[in-house]
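Working through the structure, step by step
This is what each chain is made of:
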Amino acid sequence: MNDRLRPLLLPTAFAAALLLTWQALVLVFGYPKVILPAPSDIFVALADNLVMIWQQTVPTVRDTLAGFALAALFGVGLASLLSFSRLLRDAIYPLIVVIQLVPKIAWTPLFIVWVGIGWPSRLTIAAFIGFFPIFIAMMAGLESTDRSLVRLCRGLIATPWRTFWLVRLPASTPYLFAGLKIAITLAVIGVIVAEFISSSEGLGFLILQSAALLRTDIILAAITVLCIVGLVCYGAVHAGEVAVRKWHGE
Amino acid sequence: MTDIGLKLARPPWRDLAGIGRDAARLIAPPAVLAILLVGGWEALSRNGTLGARLLPAPSKVFDTLIRSLGVLLEQAQPTFWGAVAGIFLAAALGIALGAAVSYSRTLMQAVYPTIVFFQLIPKVALAPVFLLWFGTGFSANVIFSVFIAFFPVVVATIAGLQAAPPSYERLCRSLMISRLQTFATVKFPFALPHIFAGLRIGVTFAVIGVVLGEFITAQTGLGYIILFSANNFETALLLAAILLLCGVGIVLFAFFLALEAIVMRLYDSR
């Protein structure tokens, strides 16, 4: 096996082996489909219910992306604002770091009390959960700026705005994208949990309803689609990072 | 000031005062802001701008917390111990698997992408399946919590075990030190900061795993109280339960910070 193919072949082989073992286990021990459907059963369930699963995927993706966009807007906006004022930064940043530590998913029912059981509450939860990693990463990025460059800007009497735009913002992009990547996975989780708790649409709703009907094959088919959605969203953020880096001429 | 190699004698109380002043400068702004926020919230609730259902006054939340403390503490126990069991099992499994996988390059190349895949996908969606497999009791919540908290630990362990400089490993090899000893004295100490970073993420995930199980089965625990009070629009009780849950999360987080400080000091003093 040559060295170029190794990193590609080995993981594929491992994943294939896992799936085959799963299929073999079900065939040999004859687990009931309710407990553990075989990968082939899941594929059949996915193919049979493709339209229904697609209909439930649309609201989940919509709420996730909208929540993520809001989180990015507020996270980047607030962090940028705080980089202009020492006092505001000292006052607000520690409070947000403390809130960052607590399990925020558990606040989901609170948002349902506040915003209602419709899609706005799911969007708000996704935005709320996604906000923290973006804000924290952006702050870390803005503070990682080379001090001497900032001093040089001040020496050349650049306005604070120009210093921000030309020096601080480019310096913080690697951090920002690390935060965005965490936020997009969290946004998906937030929407799913909100759909578990109160919703009549979305993949989370479909999963919980299928659990009540003991259709484990449909649950796992829905989760397969959800994994693809999650990976595509993550990939899109990664592609955005590559594009921005290229644009900056790295 | 440039260092001219001259030690200026400074009275120790001067240092203490300096530390106190630094701490005050650090804590005062967020403390003032927090007081302003809570005060404003209290005032708005008192004059009726914020409805009691939407956002009851902080004093009322505190009042509810004290009055329902017995029930809340009773319900906090399965949540707390579930999260404790979850993070410790996840830590043991995650570090062991991370170490085992790192032992062979081939094994790591094969397994690592699958682990990263699981790290990226929304695992919470599997909660109903876990309940189908393991029932709706305490142990099902713990197993789900382990499942959620396991991945950040294992990824951090694998990343950490690669953090030792290659020259150190080469030195060990030329000194004919066994692989196990190299692991114990070089690779593992270098991995520790990474492992603790993974544990810090894992501990929050462990709490989330337990609470999510409680949301779905709705029988006991703080997750149950949160969902129950949300359904009945008892927002004061809801906020009190969330406050207590935040307490649980922060206690566990602080425990791991302290553990990290102790372990790192042990390794430093060697």
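Residues numbered from 1 in each chain as written. Chains lettered and ligands numbered in written order. Predicted model: local features only at pLDDT ≥ 70, side-chain atom pairs only at ≥ 80, totals over all residues. Heavy atoms only, no water.

1. Concerning the overall build of chain B
Counting its secondary structure elements, chain B contains 10 helices and zero strands. Secondary structure of chain B in N-to-C order comes out as α-α-α-α-α-α-α-α-α-α. The C-alpha atoms of chain B give 24 Å as radius of gyration, which overshoots the globular expectation for 270 residues (18 Å, by more than 25%). Each principal axis of the C-alpha atoms in chain B carries an extent, and together these give about 75 × 65 × 30 Å. Buried residues in chain B amount to 44% of all 270 residues. Summarising the internal contacts of chain B: among those between residues at least 6 apart in sequence, 74% fall at separations of at least 24. Counting every atom, chain B has about 14500 Å² of accessible surface; 70% of that belongs to carbon and sulfur. (Helix = DSSP H or I, 4+ residues; strand = E, 2+ residues; numbered from the N terminus. Rg over C-alpha atoms; globule rule 2.2 N^0.38 Å. Buried < 20%, exposed > 50% of the residue type's maximum accessible area, 1.4 Å probe, protein only. Contact = heavy atoms within 4.5 Å. Areas by Shrake-Rupley, 256 points an atom, 1.4 Å probe, with all protein chains shown as cover.)

2. Details of the packing of aromatic side chains
Counted by the stated rule, this structure contains 28 aromatic pairs over all chains. Note on F84 of chain A and F164 of chain A: the rings are 5.3 Å apart at their centroids and 40° apart in plane angle, and the pair reads as tilted. With F84 of chain A in the loop between α3 (50-82) and α4 (86-101) and F164 of chain A in helix α8 (residues 160-197), this residue pair connects regions lying 80 residues apart in the sequence. Take F164 of chain A: its relative accessible area is 6%, and that puts it in the buried class. Taken together, the aromatic side chains of F117, F118, F130, W133, F134, F144, F147, F150 and F151 of chain B make up a single cluster linked through ring pairs. (Phe/Tyr/Trp six-rings, centres within 6.5 Å; stacked < 30°, edge-to-face > 60°.)

3. A look at unusual backbone geometry
At I157 of chain A, a residue that is not glycine, the phi angle is positive and equals roughly 40°. By the element assignment, I157 of chain A lies in the loop between α7 (147-155) and α8. Given a relative accessible area of 77%, I157 of chain A falls into the exposed group. If you check the backbone angles, M176 of chain B has positive phi at about 60° while not being a glycine. Tracing the sequence through the fold places M176 of chain B in the loop between α7 (166-174) and α8 (179-217).

4. Some words on the interface of chain B and chain A
Between chain B and chain A, the contact holds 46 residues from the first and 42 residues from the second. The largest share of the area that chain B buries against chain A comes from L120, P122 and L132 of chain B, three residues that together contribute 15% of it. The interface formed by chain B and chain A includes zero salt bridges. Where chain B meets chain A, there are two residue pairs in polar contact (both at pLDDT 80 or more). (Buried area = accessible area lost by both parts, 1.4 Å probe. Salt bridge = Lys/Arg side-chain N within 4 Å of Asp/Glu carboxyl O. Polar contact = N/O pair within 3.5 Å; in protein donor to acceptor, adjacent residues only side chain to side chain.)

5. Quick notes on the nonpolar core
Side chains of nonpolar character tend, in soluble globular proteins, to be buried together. With 128 residues, the main nonpolar core has I223 of chain A together with L72 of chain B as its most contacted residues. Those residues within four positions of I223 of chain A in sequence are excluded, and the remaining contacts are I207 of chain A together with A125, L126 and V129 of chain B. (Core = buried A, V, L, I, M, F, W, Y, C linked by side-chain atoms within 4.5 Å.)

6. Brief notes about a nonpolar patch on the surface
Side chains of V34, I35 and L214 of chain A together with W133, F134 and I143 of chain B sit close together on the surface and give an oily, nonpolar patch of about 460 Å² of accessible area. Tracing the chain through its elements places L214 of chain A in the loop between α9 (203-212) and α10 (216-247). (Patch = residues over 30% accessible without salt bridge, like charges linked within 9 Å, V, L, I, M, F, W, Y side chains within 5 Å.)

7. Comments concerning the packing of helix α4 (residues 105-120) of chain B against helix α6 (residues 138-161) of chain B
All names here are of chain B. Close contact between α4 and α6 brings their axes to 10 Å; oriented N to C, the two are set at 140°. Classified by the angle their axes make, α4 and α6 are oblique. Crossing hand, α4 versus α6: left-handed. Counted together, M108, Y112, I115, F118 and Q119 of α4 and F151, P152, V154, V155 and I158 of α6 form the full contact between these two elements. (Axes fitted to C-alpha atoms, helices over the stretch in contact; angles between N-to-C directions. Parallel < 35°, antiparallel > 145°, perpendicular 65-115°, else oblique. Left-handed = near helix turned anticlockwise from the far one by under 90°.)

8. Focus on the environment of I148 of chain B
Residue and element names in this part refer to chain B. Mapped onto the fold, I148 is located in helix α6. Since its relative accessible area comes to 6%, I148 is described here as buried. Sequence separation of I148 and Q77 is 71 residues, and the distance between their C-alpha atoms is 20 Å. Apart from the residues within four sequence positions on either side, I148 is in contact with K123, V124, F205 and G209.

9. A few points about the environment of L69 of chain B
Residue and element names in this part refer to chain B. Residue placement: L69 occurs in helix α3 (residues 69-103). What makes L69 partly exposed here is its relative accessible area of 31%. The spacing of L69 and Y267 is 198 residues in sequence and 41 Å in space, taken between C-alpha atoms.

10. Remarks on the state of the cysteines
Scanning the model with the defined rule gives zero disulfides over all chains in all. A disulfide-free cysteine, C227 of chain A has its sulfur positioned 12 Å from the sulfur of C233 of chain A, the nearest such atom. (Disulfide = S-S within 2.5 Å.)

11. Description of the pattern of salt bridges
Residue and element names in this part refer to chain A. This structure, assessed with the given rule, holds 14 salt bridges over all chains. Notably, a salt bridge pairs D63 with R62, separated by 3.1 Å at the nearest N-O pair. The exposure class of D63 is buried, given its relative accessible area of 1%. Of the charged contacts, one joins E241 and K181 as a salt bridge, the two residues approaching to 2.8 Å between their closest N and O atoms. Of the two residues, E241 sits in helix α10 while K181 sits in helix α8, which places them 60 residues apart along the sequence. For the pair shown, E241 and K181 are each scored as buried.

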